[in-house]
Amino acid sequence: MERRPGVPRLLREINDRAALELLLRSGPLTRAQIGQLTGLSKVTASQLLARLEERGLVAVVGEQAGGRGPNAALYAIVPSCAYVAGLDVGPESITTGIADISGEIVAEITVDPNGGGDPVKIVHSAVTKACRTAKVALSKLRSVVIGTPGVVDPRTGDVRFSFDLPGWHEGIHSALAASLRRRVTIENDVNLAAIAEREQGAARGADDFVLLWVGRGIGLAVILGGRVHRGRSGSAGEIGYLPVPGVPLAEDVLARPGRLPSLAGGLQSLVSAVAVAELAESYGVAAAGQSAAECVAAAVDGGERGAAFLDEVAGRLALGVASVCVVLDPGLVVLAGEVGQAGGARLTGRVEEAVARMCPIRPQVVVSEVPGNPVMAGAVLAALDQAREEVFSPKA
């Protein structure tokens, strides 16, 4: 019989990882509970826990009263065995969250980037301040994920272009990794919001859905088979450029040295924050100077004029949603961003009806349910996936 000395070790690694995932989802648990839920014998479960304790990944956190015998020890993941950072980087603020390996946010801060400057220094400073607030050494961070507006090149990890962050360019990714001395990932902010939505929000557990972000700008995240679809160049979801009837085409859209692509034309010109605010003023539902989100919120309780305004906004959004649905048929559309959330069910219901009038597909349209900052939340979740893969590996 052929001997395969590597098989027992592989089985141990599989069992260890299964137990760690189980403790993350359901812990604390006793040895017997771990054995029962994984199908392992008591002896194997005991050996497994001993290995994980030796590696500093699990610890006894209490006892559970049983029958006639002694109380059973309760095991849990050691939260402080590793930490991650997730950032939402925008032109006016940077929000940083620090989470332990269990996923608990131990600190969250927002800083002002003071009008731009060197992205590496700004991010390093934000992460350092967040770690200081959390009382966590920077060296304890295993992964940093940064959400930014714009297109991120999946081949290089750099921002190809961003209207809001012109200082982010080729080479920033490697410079950040060198500055922070750890793994750094830059991801499109709307994609990260969709990751949070699938884990914590209205798309919880959904394998196929799209998230339409409507705020200062408009963006789309596509989730297919439970994974973010970025496209070959990272441009999947740049729905602002979508040609729509009655609106000039976006022109001069390619970025060139010293110049960013144009934002004029396409769907963006219909549902940008500026366009929505101007539309609200024309309908008489908001005063000049109010933000797009404030205009939509005012329209929700604005009577007939508010209803007519919401119908118009929904019709404009439906142009983009219908175009996506006839190609992908996602079944679920989540409206997020300040404007999307301000409209709530009054807006999502109208979008759903408008889409059904435009195409043979009627997706369910719902508003985002992720609490707090969804981009930062998604960045933390993405960072946790990376860190757990590294920390829970037997080679760690």
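In the block above lies the structure referred to throughout.
As a starting point, this report considers the structure included with it. (Residues numbered from 1 in each chain as written. Predicted model: local features only at pLDDT ≥ 70, side-chain atom pairs only at ≥ 80, totals over all residues. Heavy atoms only, no water.)

Comments concerning the overall build of the protein
In terms of helices and strands, the protein carries 12 helices and 15 strands. Along the first, second and third principal axes, the C-alpha set of the protein runs to 75 × 45 × 45 Å. Looking at the protein as a whole, 47% of its 396 residues are labelled buried. Counting contacts in the protein only where the partners sit at least 6 residues apart, residues at least 24 apart contribute 60% of the total. About 19200 Å² of surface is accessible on the protein, with carbon and sulfur atoms providing 50% of the total. With 38 positive and 42 negative side-chain charges, the protein shows a spacing of 10 Å between the two charge centroids. (Helix = DSSP H or I, 4+ residues; strand = E, 2+ residues; numbered from the N terminus. Buried < 20%, exposed > 50% of the residue type's maximum accessible area, 1.4 Å probe, protein only. Contact = heavy atoms within 4.5 Å. Areas by Shrake-Rupley, 256 points an atom, 1.4 Å probe, with all protein chains shown as cover. Lys, Arg positive; Asp, Glu negative; His and termini not counted. Charge placed at Lys NZ, Arg CZ, Asp CG, Glu CD.)

Some remarks on the side chain of Asp88
Mapping Asp88 onto the fold places it in strand 4 (residues 83–89). Comment: no salt bridge for buried Asp88; closest opposite-charge side chain is Arg216, at 12 Å. In this view, Asp88 contacts Ser93, Ile94, Thr95, Gly147, Asn373, Val375 and Met376; residues no more than four positions away in its chain are not counted. (Salt bridge = Lys/Arg side-chain N within 4 Å of Asp/Glu carboxyl O.)

What to know about a nonpolar patch on the surface
Taken together, Leu224, Val326, Val327 and Leu328 make up a surface patch of nonpolar side chains, about 330 Å² in accessible area. Sorting elements by how many residues they give to the nonpolar patch places helix 10 (residues 303–328) first, with 3 residues. Mapped onto the fold, Leu328 is located in helix 10. (Patch = residues over 30% accessible without salt bridge, like charges linked within 9 Å, V, L, I, M, F, W, Y side chains within 5 Å.)

Some details on the environment of Arg350
Counting through the fold element by element, Arg350 comes out in helix 11 (residues 337–358). A C-alpha to C-alpha distance of 9.3 Å links Arg350 and Glu312, two positions 38 residues apart in sequence. Those residues within four positions of Arg350 in sequence are excluded, and the remaining contacts are Ala307, Leu310, Asp311 and Ala314.

Digging into the sheet that holds strand 12 (residues 218–224)
The mixed open sheet is built from 5 strands, whose spatial order is 13-12-11-14-15. On the outer flanks of this sheet lie strand 13 (227–228) and strand 15 (364–367), each paired with one strand and no other. Sheet strands touched by helix 10: strand 11 (209–214), strand 12 and strand 14 (332–336). Its angle to strand 11, the strand with the most contacts, is close to 160 degrees. Here helix 11 sits on the sheet and contacts strand 11, strand 14 and strand 15; the angle it forms with strand 15, its principal contact strand, is near 150 degrees. (Pairing = 2+ DSSP bridges. Axes fitted to C-alpha atoms, helices over the stretch in contact; angles between N-to-C directions.)

Some words on the nonpolar core
If you look at the biggest cluster of nonpolar residues, it comprises 46 residues, and the most contacted ones within it are Phe209 and Leu211. Of all the secondary structure elements, the ones that give two or more residues to this core are helix 1 (6–26), helix 3 (42–54), strand 3 (72–77), helix 6 (189–200), strand 11, strand 12, strand 14 and helix 12 (374–391). Considering every element that reaches this core, the biggest residue donor is helix 12, with 8 residues. Those residues in contact with Leu211, other than ones at most four positions away along the chain, are Val190, Ala193, Ala194, Glu197, Gly219, Leu220, Ala221, Val334 and Ala336. Among the nonpolar cores identified, the runner-up in size contains 44 residues, and Ile239, Phe309, Leu317 and Val333 belong to it. (Core = buried A, V, L, I, M, F, W, Y, C linked by side-chain atoms within 4.5 Å.)

Focus: the sheet that holds strand 3
With antiparallel pairing, 3 strands are arranged side by side in an open sheet as 1-3-2. The strands lining the two open edges of the sheet, one partner per strand, are strand 1 (29–30) and strand 2 (58–64). Summarising the sheet, strand 2 and strand 3 pair through 6 bridges and their orientation is antiparallel. Considered in strand 3, the bridge of Val60 is made with Tyr75. Across the sheet, helix 3 touches strand 2 and strand 3, and the angle it forms with strand 2 is around 125 degrees.

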